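# Chains, contacts and geometry: an overview
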Amino acid sequence: MARNRLALSKQNWLWFLALFGVGFLIFGNGLNGWFVRDDNIVLSHSLFNTPWSFLKFFDQPYFEDMPSAGLYRPLTQISFAFNFLFSAKPLGFHLVNLLLHIVNSYLVYCILRRWFNNGRLARSVSLLFLVVPIHVEAVTSIVGRAELLSFSFGLLAFLKWHDFKYLTSTTLLLLALLSKEGAIALPAVAFMFSLLYKRDLKWLYYHLTSVIVFFILRVVVLGKYALGAHVEYIFNPLAYSSFTERVFTSFKVLALYLQKIFIPYNLTADYSYNQIAVVKNLLTSPAAIAGLVIFLGAIYFSFRFLKTKRHQAVFIAIVIFVLFYMPVSN
């Protein structure tokens, strides 16, 4: 038994080194990048000029003096503050992002290895996760660290949830939420697993504690903008669109998302006005129609796959994608 554990540990380290090498090979060209777009706004916070002022970020919105943006990500800001302790040059920021992405890919490997006890599946999926083109923005854009940190803590929270260590899982979930609010989908994923594997729901009370603490902090810092941002129309027309238009547009974004995964062209993030036009009428947008067909097809096939244990991993993948896509698709 000890020999088997040692062999597995060696395999894990070798796979981490493989991911490390491939990660730098694929994303290393971004290390020479500069600060662009939102990087300049977020990293201009006055607290970054004050050494060892990390705790003060818990009392600050993500954009300084702009609670109306509705963003509260103190842990991401603290990670930037650590970068500034060593150097204000962009290289260090890019390097941390890349290392986080490599670690995240390895955590994907660890979760799949533990859940399905299938080394080949775990290696294949973690490698695909590492190199998938859609991750360029999160890795190469410095403010993409919010996604990377939230994902790191979220995966660790799920690993601890799997081990029935609910208090640790709850703490990690709170850290994920304090990195980026998209982690709010994690309890929904755990709930899905609980139903699928007939697991008790004792953990739910723990996770709800993290969610409540997170929203209390948001209310204290963001005030009336805690539950809804107020942004100018030119920055986000969706904020002034009807619920139906937002749903239609989310289908269009889904189609564009998948297109850029399989056809990695024009991956540069462009937040200029109306780059993705709001869909007023579903029938006038081929991309939105395609996204709707893909979405309904994913739901249909997920339940088809659920019937056979052999394809259960596909069901789980589809459901996780849908649950996390919903809060981030506006």
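Conventions adopted
Residues numbered from 1 in each chain as written. Predicted model: local features only at pLDDT ≥ 70, side-chain atom pairs only at ≥ 80, totals over all residues. Heavy atoms only, no water. Core = buried A, V, L, I, M, F, W, Y, C linked by side-chain atoms within 4.5 Å. Buried < 20%, exposed > 50% of the residue type's maximum accessible area, 1.4 Å probe, protein only. Helix = DSSP H or I, 4+ residues; strand = E, 2+ residues; numbered from the N terminus. Contact = heavy atoms within 4.5 Å. pLDDT = per-residue confidence, 0-100. Patch = residues over 30% accessible without salt bridge, like charges linked within 9 Å, V, L, I, M, F, W, Y side chains within 5 Å. Areas by Shrake-Rupley, 256 points an atom, 1.4 Å probe, with all protein chains shown as cover. Salt bridge = Lys/Arg side-chain N within 4 Å of Asp/Glu carboxyl O. Expected span 1.5 Å × (residues − 1). Arc of directions from axis to C-beta.

### Concerning the nonpolar core
- In terms of nonpolar packing, the biggest core is built from 71 residues, with Leu43, Tyr62, Phe80, Phe158, Trp161 and Phe193 touching the most fellow members.
- Top contributing element to this core by residue count: helix 4 (residues 90-116), with 12 residues.
- If near-sequence neighbours (up to four positions away) are discounted, Tyr62 is found in contact with Val42, Leu71, Tyr72, Arg73, Thr76, Gln77, Phe80 and Val143.
- Counting residues in each nonpolar core, the second largest holds 5 residues, with Phe248, Val279, Leu282 and Ala288 among its members.

### Points about the environment of Lys89
- Take Lys89: it is sitting in the loop between helix 3 (74-86) and helix 4.
- The spacing of Lys89 and Trp34 is 55 residues in sequence and 8.4 Å in space, taken between C-alpha atoms.

### Remarks on the confidence of the model for the chain
- In this model, the chain carries a mean pLDDT of 88, and residues with pLDDT of at least 70 account for 94%.
- Within the chain, the element-level pLDDT minimum falls on helix 13 (residues 312-328), averaging 78, and the maximum on helix 8 (residues 166-179), averaging 96.

### Focus on a nonpolar patch on the surface
- A cluster of nonpolar residues, Tyr233, Ile234, Phe235, Tyr240 and Tyr273, forms a patch on the protein surface that exposes about 580 Å² of accessible area.
- Looking at where Tyr233 falls in the secondary structure, it is placed in the loop between helix 10 (202-222) and helix 11 (243-262).

### Considerations on helix 11
- Along its 20 residues, helix 11 runs 29 Å from first to last C-alpha, staying within 8% of the 28 Å computed at 1.5 Å per residue.
- Along helix 11, the residues classified as buried are Glu245, Phe248, Thr249, Ser250, Phe251, Lys252, Leu254, Ala255 and Ile261.

### Overview of unusual backbone geometry
- In this structure, Asp65 takes a positive phi of about 60° despite not being glycine.
- Here Asp65 lies in the loop between helix 2 (38-42) and helix 3.
- Residue classification places Asp65 among the exposed positions, given a relative accessible area of 65%.
- Although it is not a glycine, Phe164 sits at a positive phi angle of roughly 65°.
- By the element assignment, Phe164 lies in the loop between helix 7 (145-162) and helix 8.
- Under the relative-accessibility criterion, Phe164 is labelled exposed at 53%.

### Things to note about the pattern of salt bridges
- This structure, assessed with the given rule, holds 4 salt bridges.
- With its nearest N and O atoms 2.6 Å apart, the salt bridge here joins Glu181 to Arg73. Residue Glu181 is located in the loop between helix 8 and helix 9 (186-196), and its partner Arg73 is located in the loop between helix 2 and helix 3; the two are separated by 108 residues in the primary sequence.
- Using a relative accessible area of 9% as the deciding quantity, one classes Arg73 as buried.
- The shortest N-O distance in the salt bridge between Asp163 and Arg114 comes to 2.7 Å. Note that Asp163 is positioned in the loop between helix 7 and helix 8 and Arg114 in helix 4, a separation of 49 residues in sequence.

### Some details on helix 10
- The end-to-end C-alpha distance of helix 10, which contains 21 residues, comes to 31 Å, matching closely the 30 Å that a straight helix rising 1.5 Å per residue would cover.
- Along helix 10, the positions that sit buried rather than exposed are Trp203, His207, Ser210, Val211, Phe214, Arg218, Val221 and Leu222. Down the axis of helix 10, the sector holding all buried residues measures 95°, keeping them to one side. In this structure, helix 10 carries Tyr205, Ile212, Ile216 and Val220 as exposed residues pointing more than 90 degrees from its buried face.
- Taken together, the buried residues of helix 10 touch helix 7, helix 8 and helix 9.

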